[in-house]
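Chain by chain, the residues run as shown.
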Amino acid sequence: MGLKMKALKKSVWVFHVNAGACNNCDIEIVNLLTPKFDIERFGIKLVGSPRHADALLVTGVGTRQAAIRLREIYRQTPKPCIVFCIGACAGGTGIFEGGYHVAGPVDKIIREVDPNAIIAYVPGCPPKPEAMISGVLKVLSTL
Amino acid sequence: MSVSLNVIFWIVVIPATVILGLVASWIVRKVSALVQWRVGPPFFQPFYDVAKLTGKEILIPEQAQRAVFVGAPLIGLAGVLLLSMMLWRIAVTQSAFLGDIIVAIYLMVLPSLALILGSSASASPHATVGAGREMKLVMGYELSLVLAFIVVIVKTAGLVGPGEQLSLAAIAQHAPAFSISGMLAFLVALLCIQAKLGFVPFDMAEAETELGSGVLIEYSGALLAVWKLMQAVMLVVLPLFLVMVFLGGLSAEFWAGLAKPVGGVPVGIIALLIFAVAGLLARFSKYIDIMALLALIGICVLAGLGKYVLILVLIILIKNTNPRVRIDQAMKFFWVYCGLLLALAVVLALIGNTLGCNWL
């Protein structure tokens with residue numbers, strides 16, 4: 001467990017899931033890869049397939065349409081994996097609370113599949129890239 | 001070399017090749033980061049990646065053909081490791097066997113073949129598209145690669161003694177790249193290697209943005225780690241093969257250069273020390289990290305791997321300065337442009353052989 005967890009902390013590959021976001025959080029996530037923030041220096045890499053991922057960066061409220069896909073993507077991700085709810089919408093539906101298209105905050109949708117999922121929240125509308133980096137580091141230090 | 005030392009060398013050479021490959025993949029990522037004005041990953045990043053992947057869950061899709069899906073990465077890794085053994089044996093002992101050029105060409109197709117097999121078995125539409133593109137790409141560059149070898153064979157055939165066999169070891173004694181036809185063949189072979197490695201102008205099989213890592217999309221955990229190891233070893237083997245065929249090969253005592261002092265100064269040991277100290281201090285400053293990279297390249301050059309580093313750097317620069325081409329553009333490029341260029345090179349080499357001028 002020791003070496004496995006240490007290696008996981010040093011190399012987190014993330015997959016970006018848009019569960020009905022307004023694209024603002026997504027732009028900030030892409031911002032993390034730019035030369036200014038360059039998260040590759042922490043071993044964090046954006047990958048194209050949930051099968052390669054160690055963390056899911058979920059943005060958006062989790063609409064009724066997206067909830068089905070989100071659950072499927074979570075099932076396809078090899079465990080151990082961490083779910084990051086990026087932004088106010090993903091954390092607690094934000095300004096869309098009670099909307100007819102909302103299937104619930106992202107953590108509720110994920111917990112329907114796996115009650116013991118590791119879920120972290122980065123609030124903000126959109127959260128700053130610094131906040132996301134700090135959120136990732138806080139989760140990794142508590143694992 | 002005594003017998004026991006010989007045995008130890010052949011036991012150590014496989015893990016050493018894998019480690020060298022992971023270091024090379026770090027160099028690729030680090031230099032790419034520097035080109036893009038980023039800091040880039042730390043030195044042990046590829047090692048962490050592989051260690052992490054080995055510890056993760058392995059998911060196999062329900063509709064996948066299990067045996068092929070699991071077996072394909074192992075076939076690919078076994079193929080490139082076998083090729084690396086062959087090349088190191090030629091580099092170290094200068095001995096070869098009959099028909100080793102043909103065997104090398106076949107072993108070099110094996111990784112692409114394994115990729116096609118594995119992705120077709122994974123029952124994913126993205127992987128199927130990736131497999132189709134990989135197949136077309138193989139058909140595209142394989143013709144050019146074989147034509148480039150024909151140029152080399154024509155050029156070296158006249159130079160081999162009457163009783164000698166034409167083999168990789170014999171070809172590695174000459175450097176055909178220092179002639180017009182040889183240089184043309186070398187340039188085309190470099191692009192073919194780029195396509196074999198799946199690097200950027202020719203990475204349409206893995207196309208991160210449209211296919212979501214295409215051929216590898218369904219692989220996870222230890223199986224993905226095996227693919228990553230295979231790609232790392234390819235990063236050693238394919239440039240090394242180019243060095244042998246085109247640039248005159250590594251010298252027989254290539255590792256001895258590290259211990260040899262230059263003008264009374266033990267340069268190799270100093271470079272190793274700089275690398276170790278800079279590697280330990282790398283977390284404190286970006287520039288110390290770059291120093292470690294430079295010291296590592298210095299070590300490689302001193303150890304007689306200078307030609308290998310040259311090809312690696314060329315590959316990285318091509319990777320970072322080009323956009324991805326479409327599959328039809330790639331096939332047209334390899335068949336029409338490279339094919340015509342190589343036909344010209346073959347004719348030039350034949351004329352040079354009959355007239356006895358080596359520079360043609």
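Residues numbered from 1 in each chain as written. Chains lettered and ligands numbered in written order. Predicted model: local features only at pLDDT ≥ 70, side-chain atom pairs only at ≥ 80, totals over all residues.

K.L.:
Would you mind showing me how to read the overall build of chain B here?
P.N.:
Scanning chain B from N- to C-terminus turns up 12 helices and 0 strands. For chain B, the α and β elements follow one another from N to C terminus as α-α-α-α-α-α-α-α-α-α-α-α. Taking 2.2 N^0.38 as the reference for a compact globule, 360 residues should give roughly 21 Å; the C-alpha atoms of chain B span a radius of gyration of 21 Å, in line with that estimate. C-alpha atoms of chain B, sized along the principal axes, occupy 60 × 50 × 45 Å. For chain B, the proportion of its 360 residues judged to be buried stands at 47%. Taking contacts inside chain B between residues at least 6 apart in sequence as the whole, the part at least 24 apart equals 78%. (Helix = DSSP H or I, 4+ residues; strand = E, 2+ residues; numbered from the N terminus. Rg over C-alpha atoms; globule rule 2.2 N^0.38 Å. Buried ≥ 20, exposed ≤ 12 C-beta atoms within 10 Å, placed from the backbone. Contact = placed C-beta atoms within 7 Å.)

K.L.:
I keep staring at the overall build of chain A and nothing clicks. Help me out?
P.N.:
Along its length, chain A carries 6 helices and 5 strands. Rg of the C-alpha trace for chain A: 14 Å, near the compact-globule value of 15 Å for 143 residues, within the 12% margin. Overall, the C-alpha framework of chain A stretches about 45 × 30 × 25 Å when taken along its three principal axes. The buried share among the 143 residues of chain A stands at 47%. Within chain A, counting contacts between residues at least 6 apart in sequence, those at least 24 apart form 81% of the total.

K.L.:
Before we go on, may I ask you to explain the nonpolar core in this structure?
P.N.:
Within the largest apolar cluster, 113 residues are counted, with the highest numbers of intra-cluster contacts made by A148, V151, A185, A189, V233, V237 and L342 of chain B. Looking at this core, the element that brings in the most residues is helix α9 (residues 221-246) of chain B, giving 21 residues. Apart from the residues lying within four places of it in its own chain, the contact partners of L342 of chain B are S144, L147, A148, V151, L184, A185 and V188 of chain B. Membership of the second largest hydrophobic core comes to 41 residues, among which are A66, F84, I86 and Y121 of chain A. (Core = buried A, V, L, I, M, F, W, Y, C linked by C-beta atoms within 7 Å.)

K.L.:
Explain the interface of chain A and chain B to me, please; I cannot follow it from the model alone.
P.N.:
It is common to give the size of an interface as the accessible area that goes away when the parts come together. Listed per partner, the contact involves 19 residues of chain A and 25 residues of chain B. Class assignment for the residues of the side of chain A that touches chain B results in 6 nonpolar, 6 polar and 7 charged. (Nonpolar A, V, L, I, M, F, W, Y, C, P; charged D, E, K, R; others polar.)

K.L.:
Please explain unusual backbone geometry as it appears in this structure.
P.N.:
Negative phi values dominate among residues other than glycine, just as trans dominates among peptide bonds. All names here are of chain A. A cis amide bond, omega 0°, links K79 with the succeeding residue P80. Along the chain, P80 falls in the loop between α3 (64-76) and β4 (82-86). Along the chain, C125 connects to P126 via a cis peptide bond; the corresponding omega equals -5°. Among the secondary structure elements, P126 is positioned in the loop between β5 (118-122) and α6 (129-142). Within the chain, T93 stands out as a residue other than glycine whose phi angle is a positive 60°. Its location among the elements puts T93 in the loop between α4 (87-92) and α5 (106-113).

K.L.:
Mind showing me how you'd approach the sheet that holds strand β2 (residues 45-46) of chain A here?
P.N.:
Adjacent strands of a sheet pair through backbone hydrogen bonds, lying either parallel or antiparallel. Residue and element names in this part refer to chain A. In spatial order, the strands read β2-β1-β3-β4-β5; together these 5 strands make up an open sheet with parallel pairing. Whereas interior strands pair on both sides, the edge strands pair on one side only; in this sheet they are β2 and β5. Along the sheet, α5 contacts β3 (55-59), β4 and β5; its crossing angle with β4, the most-contacted strand, is approximately 160°. With respect to the sheet, α6 is in contact with β4 and β5, its orientation differing from that of β5 by roughly 150°. (Pairing = 2+ DSSP bridges. Axes fitted to C-alpha atoms, helices over the stretch in contact; angles between N-to-C directions.)

K.L.:
Any chance you could explain the environment of L272 of chain B here in plain terms?
P.N.:
Residue and element names in this part refer to chain B. Locating L272 in the fold gives a position in helix α10 (residues 267-281). Given 17 C-beta atoms within a 10 Å radius, L272 is considered partly exposed. When the C-alpha positions of L272 and A295 are compared, they lie 7.2 Å apart, and in sequence the two are 23 residues distant.

K.L.:
Quick question: what am I supposed to make of α10 of chain B here?
P.N.:
Since there are 3.6 residues in each turn of an α-helix, residues three or four apart along the chain are aligned in direction. Residues and elements named next belong to chain B. With 15 residues, α10 extends 21 Å between its outermost C-alpha atoms, agreeing within 8% with the 21 Å of an ideal straight helix rising 1.5 Å per residue. Among the residues making up α10, those that are buried are A271, F275 and A278. An end-on view of α10 places all buried positions within 80° of arc, on one side of the element. For α10, the exposed residues set more than 90 degrees away from the buried face come down to L273, A276 and L280. (Expected span 1.5 Å × (residues − 1). Arc of directions from axis to C-beta.)

K.L.:
Would you explain α3 of chain A in this entry?
P.N.:
For α3 of chain A, spanning 13 residues, the distance from its first C-alpha to its last is 19 Å, which sits close to the expected 18 Å at 1.5 Å a residue. Tucked inside the fold, the buried residues of α3 of chain A contact β1 (13-18), β3 and α5 of chain A.

K.L.:
Before we go on, may I ask you to explain the environment of R64 of chain A in this structure?
P.N.:
Residue and element names in this part refer to chain A. In this structure, R64 sits in helix α3. A sequence separation of 55 residues divides R64 from I119, and the C-alpha atoms of the two residues are 20 Å apart. Contacts of R64, omitting those with residues within four sequence positions, involve H101 and A103.

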